[in-house]
Amino acid sequence: MAESTHIHDKNVPLEYSKAEDRMTILGFWVFLGAEVVLFSTLFATYLVLHSRPADGPTSAELFKPEIVLIMTFLLLTSSFTGSMAIHYLRAQNMKKMIVWLLLTMLLGLGFLGCEIYEFHEYIALEGVSIKTSAFLSGFFVLVGTHGLHVTLGIGWLTLILIQLKKRGFTPRTARKVFVIGLYWHFLDIVWLFIFTLVYLSGMVL
Amino acid sequence: MKLDEFFVTGEPLIYGAYVSIAVATLGIIFVLTYFKKWKWLWTEWIPTVDHKKIGIMYIIASLLMLFRGGIDGMLMRTQLALPELKVLSSSHYNEIFTTHGTIMILFMAMPFLIGLMNIVVPLQIGARDVAFPFLNAISFWSFFMGAMLFNISFVIGGSPDAGWTAYMPLAGNELSPGPGQNYYLLGLQLSGIGTLATGINFLVTILRMRAPGMTLMKMPIFTWSTLITSIIIVFAFPVLTVALALMTFDRLFGSHFFTLANGGMPMMWANLFWIWGHPEVYIVILPAFGIFSEIICTFARKTLFGYKAMVFSMIAIAGLSFIVWVHHFFTMGAGAGVNSFFSITTMAISVPTGVKIFNWLLTLYKGRIKMTVAMMWSLAFIPNFVIGGITGVMLAMASADYQYHNTYFLVAHFHYVLVAGTVFACFAGLYYWYPKAFGHMLNERLGKISFWLFMIGFNVCFFPLYFVGLMGMARRMYTYSPGLGWTGINIVATIGAFGMGLGFIVLVYSIYYSARYGKRDVTGDPWDGRTFEWMIPSPPPHYNFAKIPQVSRLDEYWYLKKEKGFKEAREVKEEELKPIHMPNKSHVPAIMSVFFFIAGFGLVWEWYWMAIPGLIGVLACMVIRSFDYNDGFYLSIEEVKEAHKVGEGN
Amino acid sequence: MVVYFYASLLIRDGVVTVNEKENIQENHDRFPWKLVIGFVLSIVLTLLTLWVAFRSGFQDKMVLSLMLLLAFLQAGMQLVLFMHVREGEGTVQVSNMVHAFFTAIIIVAGSVWVMSFGMHNH
């Protein structure tokens, strides 16, 4: 167990002040590297199976740009609001940080709502599902895995908000906020590639 | 569902298994009760986050799995000893080669090496534990529950039988209905989570918890091999996670990733499996290389020849390991362009490996060799592994591989690299680090007997198999016709297999014998070692080092002994003691893994009423952990002084 | 790339490094215009991607390449500006991400290539 080399320099953010928390942040970056590989495998599967729609619709026939754009801007904005929250974390301004965190959560919920609506359109109205074709299996699992990650992220953020209320700013709570910030930005980056390689490519190429 | 679909019936061997499971369970319960060890188990082992205890548990589990996997192997060899034997039916044989492969690679080799990494690496870098002790416990229990889930298929529901590679469409619902294949998917998924966590843990540990002055190029070579292995784990295991999940979706939810119908591509399974699978075999061989390097240096009494080259060659191997995977399915029709590229990369990867062989030989040259059991395993590794490696280069030639693929030539190749590489390293590491973990030596005489039995048996079993493969005998065939000229070789191979079995029995006996009569390790440095794990008592106090050592060069401890003498090199003055911060124990990892087991078992049988609560239980454990702000405890200077005096009882 | 990653490990290792030069705490008393710029940049890059896809009239290969380039650019911007990838164990973190994306490209491109047998009509 590392001896806690506590850094008392006020120029060092709270989340980096204890050795334990520094290691956790590094560990989380390594985990994000693993997640990049995880999503890349899902992307590879999607791209390989994309041209195999069997009897079901193709991507060009299925995807609609409007809802995709709304989701993209919701998530992109939530990434910005998340980064604002980290700014106020470092400014040690609890009130403002919580406001920006809640905004982030709201935008995330909006994103999920749209995605549930989109999937509902496909499943209930178009009558397709993962059972329809290889292409649709790939689509639902790739985009669904991302959506599941967002859902877990919102649950996680809720837990952190509760802990912040109870304990205020400590090196550990600061680290927790920073880490979930990393997670949240990462999900936006993944969505960037989904937007590009699934939806846009699927509609025009 | 009928009871005989749930419990496997109709096979005498399986009834035998029921009986032995029942007897063993009762036996364990009896022993624990008789020696009043329930509390000890519940307070000292189940909630432990101590890397040394976790490592020991990994190794105990691997030895049990080696037993089961070995029985599988011996059953296969018995069935194949003569043509058209009826020891095992074809379906039974399929189950056995599936479980043999899966258990040996994933539940024997991986945990054995990870167990050794756990015990040794924090000690080698002068640390008190790993970066994330709680996560380390989760890694072990996930592995253990995943292994349990896989093993229970034998008696409940039936084992998977599509090979350890589980190719589609054979592994799909149409051709492999029932729970068997689901056990494979869920058992490996659960264990895989633990392994990924281990990779992250050791990566951060080695990067951030080394003793002051220990730069990367002053680290022990086994620690280097662990670092590189951890990087491979982090980048390879997520691919397996996805691949298993996608096949699970195909089987449970009717998706079409790898099916024949509705646009699925069975070959994509093979592609994804081997994108993981090839780095996986380097995950099991690089730590082995590290172990051999340590042992050869210690018992040749020389610094490792070409330390830098050894490091860079492992880095090169790790990098290349991600671009060779198609060589596992050259014959699947990817085309000449693809096959040529992967042929070249595969041949390239033999170069850094060759560099290492020469460096080991040059380390031995002019060394003062001490023939301990650990050294014998290491010396035997060199020629045997080279045989495996050379046949690997033969297989790398894609056009030639059309002849060798899936014959016994391939089977012999991978057993030569895996057994002579990984298994020999596990045994060598066991003998080498056993005194450190337990405080007594393993008996050398019995060790030598088991070595010769196993090593000779191994060669008698597998060397002839190259030839019967070239004669056309395919792998995974449960019997063969007489008159093909294969019989003689198969008889010889079976005799060799029994030799290996005998060697294993002697090894197990020597563990028991040494526990009772073994020589105590009183100094903590029975081999005159070179690295920090030998600087502390055997077994180490739970905080490892009373004082974190300072490092200025490679093999610092060795030079300290030379310069200051044995006693002074290991001395810790009272003024140097400080309070030591240690992590808390926790039952949450074990409990969380039980919930994972429940969820997995539910998914195997498609009992969502069981699976969903299981997953909720897992999440609940994570929530509990999130709200746990207990930061560990401090050992005061007095407590450290007391423990230190007891440990250094010389 | 692989060699760079490991070489970077060797260059800076072990020692606790926090970007003292960046004087992080000081900036947090003023409004974070850097983040707003980042946000605007993301929107611009996204709109650019949309234009390339729907309005540019480029050939398929060009459209795909440009869209991917824009995606990687935006991802890089997020990593540096929003996620502070260079802070703390910056070198390790950057190398880790580079290596991860490199592996991702191998997996995606490799799989598409390996699985492209018989599909020679596009």
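Being a predicted model, the structure only gives us computed values, none of them experimental. Throughout this description, residue numbers start from 1 for each chain and increase along the sequence as written. To read the labels, note that chains go from A and ligands from 1, taken in the order they are written. A pLDDT threshold of at least 70 governs which residues receive local features in this predicted model, and a stricter bar of 80 or more applies before side-chain atom pairs are shown or counted, although totals over entire chains, interfaces and linings include all residues. The basis for every side-chain value is the complete set of heavy atoms in the structure, and neither hydrogens nor water enter the calculation.

1. Section: the overall build of chain C
Counting secondary structure elements, chain C contains five helices and zero strands. Listing every helix and strand of chain C by position from the N terminus yields α-α-α-α-α. Exposure categories follow from relative accessible area, calculated using a 1.4 Å probe and restricted to protein chains: below 20% of the type maximum is buried, above 50% is exposed, and the middle band is partly exposed. With 122 residues in all, chain C has 46% of them scored as buried. Residue pairs in contact within chain C that sit at least 24 positions apart in sequence constitute 62% of those at least 6 positions apart. Under the convention used here, a 1.4 Å probe and the Shrake-Rupley method define accessible areas, while residue burial counts only the protein chains that appear. If you sum the accessible surface of chain C, you get close to 6700 Å²; carbon and sulfur atoms cover 67% of it. Helical segments are the DSSP runs of H or I of at least four residues, strand segments are the runs of E of at least two, and each set is numbered from the N terminus. Working rule for contacts: check all heavy atoms of both residues, and any pair within 4.5 Å makes them a contact.

2. Comments concerning the interface of chain A and chain B
Of the residues lining the interface, 40 residues belong to chain A; the matching set on chain B comes to 42 residues. Both sides of the chain A and chain B interface together cover about 3600 Å² of buried area, and 69% of this is carbon and sulfur. We count a salt bridge whenever a side-chain nitrogen from Lys or Arg sits within 4 Å of a carboxyl oxygen from Asp or Glu. Across the chain A-chain B interface, the total number found is two salt bridges. The closest approach of N and O atoms between aspartate 631 of chain B and arginine 172 of chain A, which form a salt bridge, is 3.0 Å. Where the side of chain A that touches chain B is concerned, the elements lending two or more residues are helix H1 (19–49), helix H5 (134–167) and helix H6 (171–204) of chain A. Of all the elements, H1 of chain A adds the most residues to the side of chain A that touches chain B, at 18 residues. Amino acid classes used here: Ala, Val, Leu, Ile, Met, Phe, Trp, Tyr, Cys and Pro are nonpolar; Asp, Glu, Lys and Arg are charged; the rest, including Gly, are polar. Residues belonging to the side of chain A that touches chain B are distributed by class as follows: 20 nonpolar, eleven polar and nine charged. Joining two parts hides part of their accessible area as seen by a 1.4 Å probe, and the buried area is that hidden amount summed over both.

3. Quick look at the interface of chain C and chain A
Counting from both sides, the interface comprises 53 residues of chain C and, opposite them, 54 residues of chain A. Taken together, both faces of the contact between chain C and chain A bury some 4700 Å²; the carbon and sulfur share is 78%. Inspection of the chain C/chain A interface yields one salt bridge. With its nearest N and O atoms 2.7 Å apart, the salt bridge here joins arginine 90 of chain A to glutamate 87 of chain C. What qualifies as a polar contact is a pair of N or O atoms within 3.5 Å, subject to a donor-acceptor requirement within protein and to the restriction that residues adjacent in sequence count only when both atoms come from side chains. Linking chain C with chain A are six residue pairs in polar contact (both at pLDDT 80 or more). Going through the elements one at a time, helix H2 (24–27), helix H3 (33–54), helix H4 (60–82) and helix H5 (90–114) of chain C are the ones with two or more residues in the side of chain C that touches chain A. Of the residues assigned to the side of chain C that touches chain A, the class counts are 34 nonpolar, 15 polar and four charged.

4. As for the side chain of glutamate 95 of chain B
Residues and elements named next belong to chain B. Secondary-structure assignment places glutamate 95 in helix H5 (residues 90–124). Here glutamate 95 sits buried without a salt bridge, and the closest side chain of opposite charge, arginine 68, lies 7.3 Å off (N-O distance). Other than its neighbours up to four places away in sequence, glutamate 95 contacts Ser159, Pro160 and Asp161. Two residue types count as positive, namely Lys and Arg, and two as negative, namely Asp and Glu; His and chain ends fall outside the count.

5. A few points about the domain arrangement of chain C
Residues and elements named next belong to chain C. Domain delimitation follows an automatic or database domain assignment. Here chain C is partitioned into domain 1 (1–7 + 17–88) and domain 2 (90–122). Across the boundary between the two partners, domain 1 contributes eleven residues, which contact twelve residues of domain 2. Between domain 1 and domain 2, the buried area comes to about 1000 Å², and carbon and sulfur atoms account for 78% of it. At the surface where domain 1 touches domain 2, the tally comes to zero salt bridges. Inspection of the domain 1/domain 2 interface yields four residue pairs in polar contact (both at pLDDT 80 or more). Secondary structure elements with two or more residues in the side of domain 1 that touches domain 2: helix H1 (2–11) and H4. Among the elements that line the side of domain 1 that touches domain 2, the one with the most residues is H1, at three residues.

6. Things to note about the environment of glycine 429 of chain B
All names here are of chain B. For glycine 429, the location among the structural elements is in helix H15 (residues 408–438). Given a relative accessible area of 0%, glycine 429 falls into the buried group. In this structure the C-alpha to C-alpha distance between glycine 429 and glycine 290, which are 139 residues apart in sequence, comes to 9.9 Å. Residue contacts for glycine 429: discarding those within four places in its chain leaves Leu116, Ile291, Ile295 and Tyr434.

7. Details of the pattern of salt bridges
Taken as a whole and assessed by the stated rule, the structure comprises 17 salt bridges over all chains. One network of salt bridges, in which partners are shared, links Lys18, Glu20 and Arg172 of chain A together with Asp631 of chain B.

8. Re the packing of aromatic side chains
Residue and element names in this part refer to chain B. Only Phe, Tyr and Trp rings take part, Trp by its six-membered ring, and two of them pair if their centres are within 6.5 Å. Stacked means planes under 30 degrees apart, edge-to-face means over 60, and tilted covers everything else. Under the defined criterion, the tally for this structure stands at 98 aromatic pairs over all chains. Between the aromatic rings of tryptophan 40 and tryptophan 45, the centroid separation amounts to 6.0 Å while the plane-to-plane angle is 65°, which identifies the pairing as edge-to-face. On the basis of relative accessible area, tryptophan 40 is assigned to the partly exposed category, the value being 38%. Summarising the aromatic geometry, the rings of phenylalanine 381 and phenylalanine 385 are spaced 5.2 Å apart at their centres and angled 35° between planes, so their arrangement reads as tilted. Of the two residues, phenylalanine 381 and phenylalanine 385 both sit in helix H13 (residues 373–396), four residues apart, roughly one turn of that helix. According to the relative accessible area criterion, phenylalanine 381 is buried, its value standing at 0%.

9. Overview of the UniProt feature "transmembrane region" (unreviewed entry) in chain A
UniProt positions are given in the numbering used here, feature names are shortened, and annotations may be inferred rather than shown by experiment. In the UniProt entry, the feature "transmembrane region" (unreviewed entry) is given for residues 26–47, 67–86, 98–119, 139–162 and 182–202 of chain A. A helix fraction of 100% and a strand fraction of 0% characterise residues 26–47 of chain A, whose end C-alpha atoms lie 32 Å from each other.

10. A few points about helix H16 (residues 444–470) of chain B
Residues spaced three or four apart along an α-helix point in a common direction, a consequence of the helix completing one turn every 3.6 residues. Residue and element names in this part refer to chain B. In a regular helix each residue adds 1.5 Å, so 27 residues correspond to 39 Å; H16 covers 39 Å between its end C-alpha atoms and thus fits that length. If you check the start of H16, you find a side-chain oxygen 3.1 Å away from the backbone N of arginine 445, and it comes from asparagine 443. One or two positions beyond H16, positive phi appears at glycine 472, with a value near 110°. Expected helix span is computed as 1.5 Å times (number of residues minus one).

11. Some thoughts on a nonpolar patch on the surface
Residue and element names in this part refer to chain B. Taken together, the side chains of Phe305, Phe358, Leu361, Leu362 and Tyr365 make up a nonpolar region of the molecular surface, amounting to roughly 520 Å² of accessible area. Secondary-structure assignment places phenylalanine 305 in the loop between helix H9 (266–300) and helix H10 (307–320). With relative accessibility at 39%, the residue phenylalanine 305 sits in the partly exposed group. What makes a patch is a set of residues exposed beyond 30% relative accessible area and free of salt bridges, joined within 9 Å when like-charged and within 5 Å when nonpolar (Val, Leu, Ile, Met, Phe, Trp, Tyr).

12. Digging into the nonpolar core
Think of a nonpolar core as a cluster: buried Ala, Val, Leu, Ile, Met, Phe, Trp, Tyr and Cys residues, connected wherever their side-chain atoms sit within 4.5 Å. Counting 301 residues, the largest nonpolar core has Phe139 and Tyr199 of chain A together with Phe424 of chain B as the members making the most contacts within it. The residues that make up this core include at least three from each of domain 1 (1–7 + 17–88) and domain 2 (90–122) of chain C. If you look at the next biggest cluster of nonpolar residues, it comprises 27 residues, including Phe154, Ile156, Leu252 and Val588 of chain B.

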